[in-house]
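Breakdown of the fold
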Amino acid sequence: MRVMAQVAMVMALDKCIGCHTCSVTCKQAWTNRAGTEYVWFNNVETRPGQGYPRRYEDQEKWKGGWELNRRGNLKLKSGGRWAKLAGLFASPVQPELDDYYEPWTYDYETLTNAPAGTDFPVARPKSLITGEDMKISWSANWDDNLGGVTEAGHLDPIVEKVRRESEDRIKFEFEQTFAFYLPRICEHCLNPSCMASCPSGAIYKRTEDGIVLVDQDRCRGWRQCVTGCPYKKMYYNHKSGKAEKCTFCYPRIEVGIPTVCAETCVGRLRYIGIFLYDADRVTEAAATPDERDLYEAQLDLMLDPHDPGVVAAARAEGVPEDWLDAARRSPVYTLAKELRVALPLHPEYRTMPMVWYVPPLSPVVDLLKDQGHDGEDAGNLFGAIDSLRIPVEYLAELFTAGDTQIVTDVLRKLAAMRSYMRDIALGDAPDESIAEGVGMTGSEIQKMYRLMAIAKYDERYVIPSAHLEDAHNLEEIGCSLDVDGGPGMGQTGVFGEASGRPTPVAVENFNALRARQTGESATSEQQMAGRVNLLNWDGRGAPAGLFPPRSEDGDRP
């Protein structure tokens, strides 16, 4: 048994309100640069919908992820070494720009400088790729709030599959039944197919925390990783000719603070913590013959941090004590392994994804309320979950390779939590039969409620910082964002500072910048004028430079 640590994330989908704050802050911090105009490391999709890029889940077309060969061994769905070699200079099995969208801006100068006249000036959309006038027909979030679902909803690959399997029993009435938001980032998989697809070996998984990164010095722009990633979270920078991806905000993780998307999340739906897993069994688990058994196989990889044998093996592998303590307090371990309410996204891709989701109960509750029923009553909720087959089947195709029973069990636990805690809130005696009905105890229900409803910052984010003696090993000169002025802040450094050329990211550098940015005695406004730092902003108040200074009369210019 080879014990390793993995930083992971859980998202509670009932809390997501689709505000896209996570997407915007991630965009500002990481991909606000030439060549990444269409790139969204974090995006929020309305489901049902086609997603971003369009129909990325159609692996029969895109050939992402893994499959089993005739001998039951893993192989890339896009082909082995010879297939990669044959397609090295022409790889048609990957999305084109139209599958993402052609990014644009508007001709504001014509609008603002137009002379007075009887006609109305127009700020025409202009392509950020060609600079020419264009017609907007698609974007990264065209399906938002079921926009156009009556026309394009049937193009959702999961809708196609559910309707095909259910024949005429299901009509396309999803827009009348349910909708929910699905935030997505790179899964930082235990068995990443993007890494296996890279001919130059530029993609690597850090042994310290499992974060998957791209070495820009080794990347040759073959784009095989784009094909290999089934979640399509590998992107090609058309200016630098390199591949880029979500870095899980590793400079922040190294000093014990959460990712930008988690820090700025309005709904507080993200949890970050540590998993301990058996690295020697990853391939075996990913090669589980039945797709519906992959969820359990992935859970079996997650080791109990309270087990003395696991702790001893982790220490033998050099896992620090504070990481072991963080693993014991990890919210992602509690939600995924102990309470079993968080599920992986598309386990059938066999990549062992490390971003987990608590499926939404809201569609069931909303339907009950619309029909005039008590949406918090245990009897109503349990009955609706059993009868409302369309959302359960849809969720099962997302999170359990089609196993509806697992999703039903999770939804019943969420329903039990609502009903059980409502009795307590109303001053009534808690009904233990509700907890027993879903195989839980009252204390477990209250533990789940605290974590999912009222958990404080330190409970939602349990992130051990890197040890200073390991700072040199954690420098990432080859980070995928370490080009052209750093992560999205124009001609600035890797932390959003006007520091000239990109510099190596070390823990000491980040600590110094973080202290200057978030300490009580911050740098003077004159020194920070014109600079907005979102990468290591702690979420308190507004970051310096976000708004222009006030004039003497109190007004902003």
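Look up a bit, the structure's there.
One structure accompanies this document, and this report is about it. Everything numeric in this text was worked out from a predicted model, so none of it was measured.

A few words on the overall build of the protein. In terms of helices and strands, the protein carries 26 helices and 14 strands. Pairs at least 24 apart in sequence give 70% of the contacts found in the protein among residues at least 6 apart. Here the protein displays about 24500 Å² of accessible surface, and carbon together with sulfur accounts for 49% of that area.

A few words now on a nonpolar patch on the surface. Taken together, the side chains of Tyr106, Tyr108 and Leu111 present a nonpolar region at the surface, about 280 Å² in accessible area. Examined against the element boundaries, Leu111 turns out to sit in helix 5 (residues 108-113). Classification of Leu111 by relative accessible area gives partly exposed; the value is 35%.

Attention shifts here to the pairing of strand 12 (residues 270-278). Both faces of the sheet carry side chains from a regular strand, because those side chains alternate between them. Taking burial as the measure, the nine residues of strand 12 include nine buried ones, the bulk of the element. Of the pairings in the sheet, the one linking strand 1 (residues 3-12) to strand 12 comprises nine bridges and is antiparallel in character. Note that in strand 12 the partner of Val3 across the bridge is Asp278.

Looking now at the packing of helix 15 (residues 308-316) against helix 16 (residues 321-328). Look at helix 15 against helix 16: their axes get within 10 Å of each other, and the N-to-C directions meet at 145°. Where helix 15 crosses over helix 16, the two elements pack in a sense that is right-handed. Note on element contacts: helix 16 touches helix 15 through Glu321, Leu324 and Arg328, opposite Val311, Ala314 and Arg315. Residues belonging to the contact of helix 15 with helix 16 are distributed by class as follows: three nonpolar, no polar and three charged.

Rules and cut-offs
Residues numbered from 1 in each chain as written. Predicted model: local features only at pLDDT ≥ 70, side-chain atom pairs only at ≥ 80, totals over all residues. Heavy atoms only, no water. Helix = DSSP H or I, 4+ residues; strand = E, 2+ residues; numbered from the N terminus. Contact = heavy atoms within 4.5 Å. Areas by Shrake-Rupley, 256 points an atom, 1.4 Å probe, with all protein chains shown as cover. Patch = residues over 30% accessible without salt bridge, like charges linked within 9 Å, V, L, I, M, F, W, Y side chains within 5 Å. Salt bridge = Lys/Arg side-chain N within 4 Å of Asp/Glu carboxyl O. Buried < 20%, exposed > 50% of the residue type's maximum accessible area, 1.4 Å probe, protein only. Pairing = 2+ DSSP bridges. Axes fitted to C-alpha atoms, helices over the stretch in contact; angles between N-to-C directions. Left-handed = near helix turned anticlockwise from the far one by under 90°. Nonpolar A, V, L, I, M, F, W, Y, C, P; charged D, E, K, R; others polar.

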